[in-house]
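Spelled out from the first residue to the last, the chains are:
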Amino acid sequence: MDKTTVYKEAFKTALAVAVVYGLALQLDWMKPYWAAFTVALIALPTAGQSFNKGIMRLAGTVPGCIAGIAILSIAPQDRWLFLFLGVCWVFLATYMTSSTKIFSYFWNIAGVTCLVILTGKVDSSEHVFNSAMFRTLETAMGIVVYMLVSVFLWPRTNLGSIKSTSVKLLNIQDQPFANLTSSREVAEEELDKLRNTQIQLLTKLGQDLFAEGSESYEVSKNAVNWLTFQKQCAALMQELDKWYLSLSSTEKRTVAKILPDLKKKVEAVREEIAMVQAGLSKGEEPPVHAAVKLELKQEELATLGNVDRIIFNGITNHFNEFANVVYQMRITIGDILNDRIPDKKAITKSSQRFWINPNINYESIRGALFASLCLIAGYLIWIYINPPGHQSWILITGALGMVVAGFPQLQAKLLILPLAITCAFGIAVYVFILPHLDAYWQLGLLMLILMFINCSLFKGGPGQLAGTVGIIGMIAITNPQVYSFPALANTYLFLLMGFGTVYLLSLVLDSPRPEKALLKKVDRYFKSLTYLVRNMEAYGTGRLSTFQRWLFNFHQYQLGLIPNSLPMWARFINKKWFSPTSMQDAQSLSNYLQGLTYRMNELIALNKLYGNRLRSDWINALRIWHQKLELVFLNWEIDKTADEVEQIQAQIKQAQHNLEAHISTYLAQEKEQPDDFKEEHLFDLLTGYLGISYAALNYAEVSNKVDWKNWRQEVITI
Amino acid sequence: MTFLNLFPHEISIGGVYIPPEFLAALLGLILALITSQFLNKYQVTKKFFYPPLVMLSMVVIYTLLIGLFIPF
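Residues numbered from 1 in each chain as written. Chains lettered and ligands numbered in written order. Predicted model: local features only at pLDDT ≥ 70, side-chain atom pairs only at ≥ 80, totals over all residues. Heavy atoms only, no water.

**Regarding the overall build of chain A**
Next up, step 1: In terms of regular secondary structure, chain A is built from 27 helices and zero strands.
Next up, step 2: For chain A, the computed accessible surface area is about 32600 Å², with 60% contributed by carbon and sulfur atoms. (Helix = DSSP H or I, 4+ residues; strand = E, 2+ residues; numbered from the N terminus. Areas by Shrake-Rupley, 256 points an atom, 1.4 Å probe, with all protein chains shown as cover.)

As structure tokens, this is what we get:
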């Protein structure tokens, strides 16, 4: 955002805070600062985003209030049952916050609101109910006031953001094809950068869908089609990765010989992508004709070795899958432009029965355990020590634990120091300025000026959050206005002690160093990969027990989650200890691990389809290949330094040579196969094996550039 | 120094009473940070299995020592 926009947004937030605070005081509502906090926390750059966040906040307040009232009703006098129920709710809320994308804020607020109700005035059921009601009412008032201010004063909307983000994303996805047709050599760093940009734009597309959907009826009406389009963009990225990976294992001259039409077909696909972009930007419906199909030149293919034939088979399949996704996109854009909403029954939901595909997020479980631990610690500190803050220790430790669990990259120094400074500033204002002001217009003006400075100085992030707590929390305006410096000083000490306690607790579960988090994730990735390779044959032939199948699905799910979470950690690595090259290599690790994931998922699917139809000699040959892969991945789990690249190349060449011999024998003898088993199925399966081997090789090359010794070095840090 | 001053008591700063545990914990944290810088500099941390717990332990140990032997 440019400076003028920053100041305008800061003014809008400050004005809404001042107005809602005045309204809450005028109406004599309990704790008017709740309404002010609502405005400060939902204020986002565009109206659609703010409205979406506001609705999530309001929706999350309701179950939080219900949970708080229920816990107080069940355990009003039993402290340990009270703690147990509170911990259960916080565990659930924290897990759902980090494991769901759409309702993440909803669950966060549900957890925090429950803690607010539990720590409020609980001397009678009437007061408990009143707290819940006023909390909900003031949240709603905050949302309404901010929406009115943002709609009437310098409105900024999300209208058109979906289309502009989609066009940018398709431009990025078109670039590798443009490089191919112009025969330009592309450096690996450029490919990494392209992939990272795709991921960022895909994430933005998801956010824009909800933000613009909140503002525009046309978008919300076509929500199903837009979500389908978003999935197609993600599928396009995956197919592009797979295709590029398979293309990189061949020589250009061979490609030109076997696939002479490649450039022509690539141009055709590029034209189709341009049609989709024209549909988005100009509203021109793309014509629907058959998808582009690449075919191999069979006479030239016959001159190649068997393994090379398999590789080219893979290249063709991946290109055709990519072209098919572009074809589906044309249909979806046509549906969007003509408002063709698909029948709800026709939309098949993925059958993810929990007991078969639990999709448990390991990181979310750890985060939920941490938040629960913080809540327990806060409760025990209140019961046995009773320092300043008293029952609010439950609120501060529980709420902060949830925040840290949801965003573990956030380091302590980013929160504590700004909080200490802004709260000290708030105390100074409270002591020296507030006693001289009496009418609300003076107090409101002061609040407006301070919030304006806070929002324009920090522009979002932990600094703005700390400033909001310092201003709204410390400069408490009540009706009638009462000044109590000891109470304020106690609150200041309590906040610092609370933040410090949560930070110290974070040291118990794990190291706060981003480098360690990154290493542990890579470690877990290879642990899951080793497990999958070891049990893939049994999974494909249905010989696993229910629990083993569940575990297999769990590890497969982890394989999908981990690579995408690495770049976020790589951004927070201490630049003092690592060179910029090392950091870039760490970020590009994520791309190669993602490549391994695609190949592994492909292989698992192919193995399930064809694995149990193979003859026993094939099964034995592939088992040897399994064992080699497993050994390589096990080494990478234990020791992050990859084997010498030449060693892995030699292992792959040996496996290829064995495979060549096997295929030649098979073709020469023409032994009987089951009726439905064709040569192309075998080639598909072998494509999967070759694909993962080459992905492992690519990973080894980039892994060798990372100075793992430096990364593993132990340092005490805050 | 009177006999009563040997017992832990709140410290008054401008009429605000600060609990002695808070000061002991603050000083303990500062000393632990200083110690950790020395440990990092002379690469003693390489020998620790779990450095974050070492940091937490140092904070606790320093806090207790200060609380026991320094009369606030």
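**Examining the overall build of chain B**
Next up, step 1: Within chain B, the secondary structure is distributed over two helices and two strands.
Next up, step 2: Seen in sequence order, chain B has helices and strands lined up from the N terminus as β-β-α-α.
Next up, step 3: Residue burial in chain B is summarised as follows: out of 72 residues, 33% are buried.
Next up, step 4: Taking the contacts inside chain B whose residues are at least 6 apart along the sequence as the reference set, 56% of them involve residues at least 24 apart.
Next up, step 5: Accessible area of chain B: about 5000 Å², with a carbon and sulfur share of 75%. (Buried < 20%, exposed > 50% of the residue type's maximum accessible area, 1.4 Å probe, protein only. Contact = heavy atoms within 4.5 Å.)

**Digging into the interface of chain B and chain A**
Next up, step 1: Taken residue by residue, the interface counts 22 residues in chain B and 17 residues in chain A.
Next up, step 2: In total, chain B and chain A occlude about 1700 Å² of area from one another, counting both sides; carbon and sulfur atoms represent 77% of this.
Next up, step 3: Our enumeration of links across chain B and chain A arrives at zero salt bridges.
Next up, step 4: Summed over the shared surface of chain B and chain A, the number is one residue pair in polar contact (both at pLDDT 80 or more).
Next up, step 5: Sorting the residues of the side of chain B that touches chain A by element identifies strand 2 (16–18), helix 1 (20–41) and helix 2 (51–69) of chain B as the ones contributing at least two each.
Next up, step 6: It is helix 2 of chain B that provides the largest number of residues to the side of chain B that touches chain A, a total of eight residues.
Next up, step 7: Taken together, the residues that form the side of chain B that touches chain A break down as 17 nonpolar, four polar and one charged. (Buried area = accessible area lost by both parts, 1.4 Å probe. Salt bridge = Lys/Arg side-chain N within 4 Å of Asp/Glu carboxyl O. Polar contact = N/O pair within 3.5 Å; in protein donor to acceptor, adjacent residues only side chain to side chain. Nonpolar A, V, L, I, M, F, W, Y, C, P; charged D, E, K, R; others polar.)

**A look at the nonpolar core**
Next up, step 1: Judged by nonpolar contacts, the single largest core of 100 residues is most densely connected at Phe526, Leu596, Phe633 and Tyr699 of chain A.
Next up, step 2: Sequence-distant contacts of Phe526 of chain A, that is, excluding residues within four places in its chain, are made with Leu593, Leu596, Phe633, Trp636, Glu637 and Tyr699 of chain A.
Next up, step 3: Ala43, Met147 and Ile477 of chain A together with Val16 of chain B belong to the second largest nonpolar core, which has 65 residues in total. (Core = buried A, V, L, I, M, F, W, Y, C linked by side-chain atoms within 4.5 Å.)

**Looking at helix 18 (residues 440–458) of chain A**
All names here are of chain A.
Next up, step 1: A rise of 1.5 Å per residue sets the reference length of helix 18, with its 19 residues, at 27 Å; its end C-alpha atoms lie 26 Å apart and thus fit the reference within 8%.
Next up, step 2: Listed as buried for helix 18 are Leu443, Gly444, Leu446, Met447, Leu448, Leu450, Met451, Asn454, Cys455 and Ser456.
Next up, step 3: With its phi angle positive at about 50°, Lys459 sits one or two positions after the end of helix 18. (Expected span 1.5 Å × (residues − 1).)

**Brief notes about unusual backbone geometry**
Next up, step 1: With a phi angle near 55°, Asn386 of chain A is a residue other than glycine that sits in the positive phi range.
Next up, step 2: Given a relative accessible area of 40%, Asn386 of chain A falls into the partly exposed group.

**So, the pattern of salt bridges**
Residue and element names in this part refer to chain A.
Next up, step 1: Enumeration over the complete set of coordinates arrives at 10 salt bridges over all chains.
Next up, step 2: Between Glu9 and Lys12 there is a salt bridge, with the nearest N and O atoms lying 3.1 Å from each other. With a gap of three residues between them, Glu9 and Lys12 both fall in helix 1 (residues 3–26), about one helical turn apart.
Next up, step 3: The exposure class assigned to Glu9 is buried, which follows from its relative accessible area of 8%.
Next up, step 4: The residue Glu602 makes a salt bridge to Arg599 at a minimum N-O spacing of 3.2 Å. Of this pair, Glu602 and Arg599 both sit in helix 23 (residues 580–610), separated by three residues, roughly a single helical turn.
Next up, step 5: On the basis of relative accessibility, which here comes to 3%, the residue Arg599 falls in the buried class.
Next up, step 6: Linked through salt bridges whose partners overlap, the residues forming this network are Glu285, Asp335 and Arg340.

**Here's the deal with the confidence of the model for chain B**
Next up, step 1: On average, residues of chain B carry a pLDDT of 82, and 88% of them reach 70 or more.
Next up, step 2: For this predicted complex, the interface score ipTM comes out at 0.71, alongside a pTM of 0.83. (pLDDT = per-residue confidence, 0-100.)

**Looking at a nonpolar patch on the surface**
Residues and elements named next belong to chain B.
Next up, step 1: Taken together, Leu26, Leu27, Ile30, Leu31, Ile34, Phe38, Tyr42 and Val44 make up a surface patch of nonpolar side chains, about 710 Å² in accessible area.
Next up, step 2: Residue placement: Val44 occurs in the loop between helix 1 and helix 2.
Next up, step 3: Look at Val44 and you get partly exposed, because its relative accessible area is 31%. (Patch = residues over 30% accessible without salt bridge, like charges linked within 9 Å, V, L, I, M, F, W, Y side chains within 5 Å.)

**Here we look at the packing of aromatic side chains**
All names here are of chain A.
Next up, step 1: Overall, the coordinates contain 17 aromatic pairs over all chains when judged by the stated rule.
Next up, step 2: When the centroid spacing of 6.2 Å and the interplanar angle of 65° are considered together, the rings of Trp80 and Tyr379 count as edge-to-face. Of this pair, Trp80 sits in helix 4 (residues 79–99) while Tyr379 is found in helix 15 (residues 362–384), placing the two residues 299 residues apart along the sequence.
Next up, step 3: Exposure remark for Tyr379: the relative accessible area of 3% places this residue in the buried category.
Next up, step 4: A centroid spacing of 5.4 Å and a plane angle of 85° characterise the contact between Tyr525 and Phe526, whose relative ring orientation is edge-to-face.
Next up, step 5: The class of Tyr525 is buried, set by a relative accessible area of 0%.
Next up, step 6: By the ring-pair criterion, three or more aromatic residues cluster together here, those being Trp80, Phe82, Tyr379 and Trp382. (Phe/Tyr/Trp six-rings, centres within 6.5 Å; stacked < 30°, edge-to-face > 60°.)

**Quick word on the side chain of Ser166 of chain A**
Residues and elements named next belong to chain A.
Next up, step 1: Position of Ser166 relative to the elements: it lies in helix 7 (residues 161–181).
Next up, step 2: Residue class for Ser166 comes out buried when judged on its relative accessible area of 0%.
Next up, step 3: Here the side chain of Ser166 touches Ile162 through a polar contact of 2.7 Å, landing on its backbone oxygen.
Next up, step 4: If we ignore the near neighbours within four places in the chain, the residues touching Ser166 are Leu205, Trp226, Phe229 and Leu280.

**Quick notes on the packing of helix 3 (residues 47–74) of chain A against helix 6 (residues 125–152) of chain A**
Residues and elements named next belong to chain A.
Next up, step 1: Interhelical geometry of helix 3 versus helix 6 gives an angle of 180° and a closest axis separation of 10 Å. Between helix 3 and helix 6, the interaxial angle falls into the category roughly antiparallel. Between helix 3, through Ala47, Ser50, Phe51, Gly54, Ile55, Arg57, Leu58, Thr61, Val62, Cys65, Ile69 and Leu72, and helix 6, the contact on the second element is made entirely by Val128, Phe129, Ala132, Arg135, Thr136, Thr139, Ala140, Ile143, Tyr146, Met147 and Ser150.
Next up, step 2: By residue class, the composition of the contact of helix 3 with helix 6 is 15 nonpolar, six polar and two charged. (Axes fitted to C-alpha atoms, helices over the stretch in contact; angles between N-to-C directions. Parallel < 35°, antiparallel > 145°, perpendicular 65-115°, else oblique.)

**Points about the state of the cysteines**
Defined simply, a disulfide is a covalent bond joining two cysteines at their sulfur atoms.
Next up, step 1: Enumeration over the complete set of coordinates arrives at zero disulfides over all chains.
Next up, step 2: Residue Cys65 of chain A stays outside any disulfide, its sulfur separated by 9.0 Å from that of Cys114 of chain A, the closest cysteine. (Disulfide = S-S within 2.5 Å.)

**Examining the side chain of Thr45 of chain B**
Next up, step 1: Mapped onto the fold, Thr45 of chain B is located in the loop between helix 1 and helix 2.
Next up, step 2: Separated by 3.4 Å, the side chains of Thr45 of chain B and Asn40 of chain B make a polar contact.

**Side note on the packing of helix 2 (residues 33–42) of chain A against helix 6 of chain A**
All names here are of chain A.
Next up, step 1: Two numbers describe how helix 2 lies on helix 6: the axes approach to 8 Å, and their chain directions differ by 45°. By the angle class used here, helix 2 and helix 6 are oblique. Between helix 2 and helix 6 lies a crossing of right-handed hand. Contacts between helix 2 and helix 6 involve Trp34, Ala35, Thr38, Val39 and Ile42 from the former and Ser131, Phe134, Arg135, Glu138, Thr139, Gly142, Ile143 and Tyr146 from the latter.
Next up, step 2: Class assignment for the residues of the contact of helix 2 with helix 6 results in seven nonpolar, four polar and two charged. (Left-handed = near helix turned anticlockwise from the far one by under 90°.)

**With respect to the environment of Ile74 of chain A**
Residue and element names in this part refer to chain A.
Next up, step 1: Within the secondary structure, Ile74 sits in helix 3.
Next up, step 2: Measuring from C-alpha to C-alpha, the distance between Ile74 and Phe91 comes to 18 Å, with 17 residues separating the pair along the chain.
Next up, step 3: In this view, Ile74 contacts Leu81 and Leu85; residues no more than four positions away in its chain are not counted.

**Re helix 2 of chain B**
Next up, step 1: Relative to the 27 Å expected for 19 residues at 1.5 Å per residue, helix 2 of chain B spans 27 Å between its end C-alpha atoms, a close match to the ideal helical length.
Next up, step 2: Here helix 2 of chain B has its buried residues at Pro51, Pro52, Val54, Met55, Leu56, Met58, Val59, Thr63 and Ile66 of chain B.
Next up, step 3: The inward-facing, buried residues of helix 2 of chain B contact helix 20 (485–509) of chain A together with helix 1 of chain B.

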